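Summary of structural features
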Amino acid sequence: MQMPMNIKETIANNRETVLYLAFGALTTLISWGSYSLFVLLGVDLNTSNILSWVCGVSFAFVTNKWFVFESKSTETSVVATELGSFIMGRIATGVLAIVMFSILVAGGMGGNFMGIDGLPARVITSGVEIVLNWGISKYLVFTKKLPRTAPEGAYGYTPGEYTSKETDDL
């Protein structure tokens, strides 16, 4: 069965967003699945929660780096910087979500929806967290870096044409 052309075009034109949401859904499944597995293996709840967060963030880092934002560098310093920034971003948005959730519940959004207390507040905080994580990943973690040196012929000269003193003055 073929999709209508406008849906295919929409997906193609929004590839990054589609991949981010798809891998985000998989990240959620991995996080929840690993949490369940750790609990079933007898790991205490708090440790299971922490370990499942590590599993989810690890999966999200790899999929965001390689597939969503296409940061292909395997240079150790680049990967270490990306990983550190990614983890710090996830910690920051996690703390924000915890604070925001508490504020929303205290402000009346902690009601019961579909039999689950606090679900409206959780949905709102999750939405904010997803958008912030995307922005942090796109604009702070996996940015497309410009080359450190100008390509040959840039600015009307070729390498070696000037001495270093002369190029410093340009």
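Conventions we followed
Residues numbered from 1 in each chain as written. Predicted model: local features only at pLDDT ≥ 70, side-chain atom pairs only at ≥ 80, totals over all residues. Heavy atoms only, no water. Helix = DSSP H or I, 4+ residues; strand = E, 2+ residues; numbered from the N terminus. Contact = heavy atoms within 4.5 Å. Buried < 20%, exposed > 50% of the residue type's maximum accessible area, 1.4 Å probe, protein only. Salt bridge = Lys/Arg side-chain N within 4 Å of Asp/Glu carboxyl O. Phe/Tyr/Trp six-rings, centres within 6.5 Å; stacked < 30°, edge-to-face > 60°. Lys NZ or Arg CZ within 6 Å of the ring centre and 35° of its normal. pLDDT = per-residue confidence, 0-100. Core = buried A, V, L, I, M, F, W, Y, C linked by side-chain atoms within 4.5 Å. Axes fitted to C-alpha atoms, helices over the stretch in contact; angles between N-to-C directions. Parallel < 35°, antiparallel > 145°, perpendicular 65-115°, else oblique. Left-handed = near helix turned anticlockwise from the far one by under 90°.

**Things to note about the environment of T125**
Tracing the backbone shows T125 in helix α5 (residues 119-141). Apart from the residues lying within four places of it in its own chain, the contact partners of T125 are A97, M100, F101 and L104.

**What to know about the side chain of T93**
Tracing the backbone through its elements, the reader meets T93 in helix α4 (residues 76-109). Judged by its relative accessible area of 4%, T93 falls in the buried class. Not counting residues within four places of it along the chain, the set of residues in contact with T93 comprises E129, L132, N133 and I136.

**Digging into the pattern of salt bridges**
Applying the stated criterion to the full structure yields three salt bridges. Put simply, E16 and K138 hold a salt bridge, and the shortest N to O gap is 3.2 Å. With E16 in helix α2 (residues 15-40) and K138 in helix α5, this residue pair connects regions lying 122 residues apart in the sequence. Between K65 and E82 there is a salt bridge whose closest N-O contact spans 2.6 Å. Of this pair, K65 sits in helix α3 (residues 45-68) while E82 sits in helix α4; the two residues are 17 residues apart in sequence, bridging distant segments of the chain. Taking relative accessible area as the criterion, E82 reaches 6% and is therefore assigned buried.

**Here we look at the packing of aromatic side chains**
In this structure the tally under the stated criterion is eight aromatic pairs. Taking the centre distance of 5.8 Å and the plane angle of 15 degrees together, the rings of F69 and F142 count as stacked. Note that F69 is positioned in the loop between α3 and α4 and F142 in the loop between α5 and α6 (164-168), a separation of 73 residues in sequence. There is no split in this pair, since F69 and F142 are both buried. Each ring, one from W134 and one from Y139, has its centre 5.8 Å from the other, and the planes form 90 degrees; the classification is edge-to-face. Looking at Y139, the relative accessible area reads 53%, which means it is exposed. Through a chain of ring-to-ring contacts, three or more aromatic side chains come together here, namely Y20, F61, F69, F86 and F142. Sitting above the plane of the W66 ring, K65 keeps its charged end 5.5 Å from the centroid. Between K138 and the ring centre of Y139, over which it is positioned, the NZ or CZ distance is 5.7 Å.

**Concerning the confidence of the model for the chain**
Averaged over all residues, the pLDDT of the chain equals 84, while 82% of them reach at least 70. Scored below 50 in pLDDT, residues 161-170 shows four contacts in the model against residues more than four places distant or in partner chains.

**Here's the deal with the nonpolar core**
Counting residues in hydrophobic clusters, the biggest one holds ten residues: Y20, F23, V57, A60, F61, V68, F69, F86, V141 and F142. Mapped by element, the contributors of at least two residues to this core are α2 and α3. Sort the elements by how many residues they give to this core and α3 lands first, with four residues. Dropping the residues within four chain positions of it, Y20 is found in contact with N64, V68, F69, R90, I130, N133 and W134.

**Notes on the packing of α4 against α5**
It is at 9 Å that the axes of α4 and α5 come closest, and there the two elements cross at 155 degrees. Overall, the two elements α4 and α5 adopt an arrangement that is roughly antiparallel. Between α4 and α5 the crossing geometry is right-handed.

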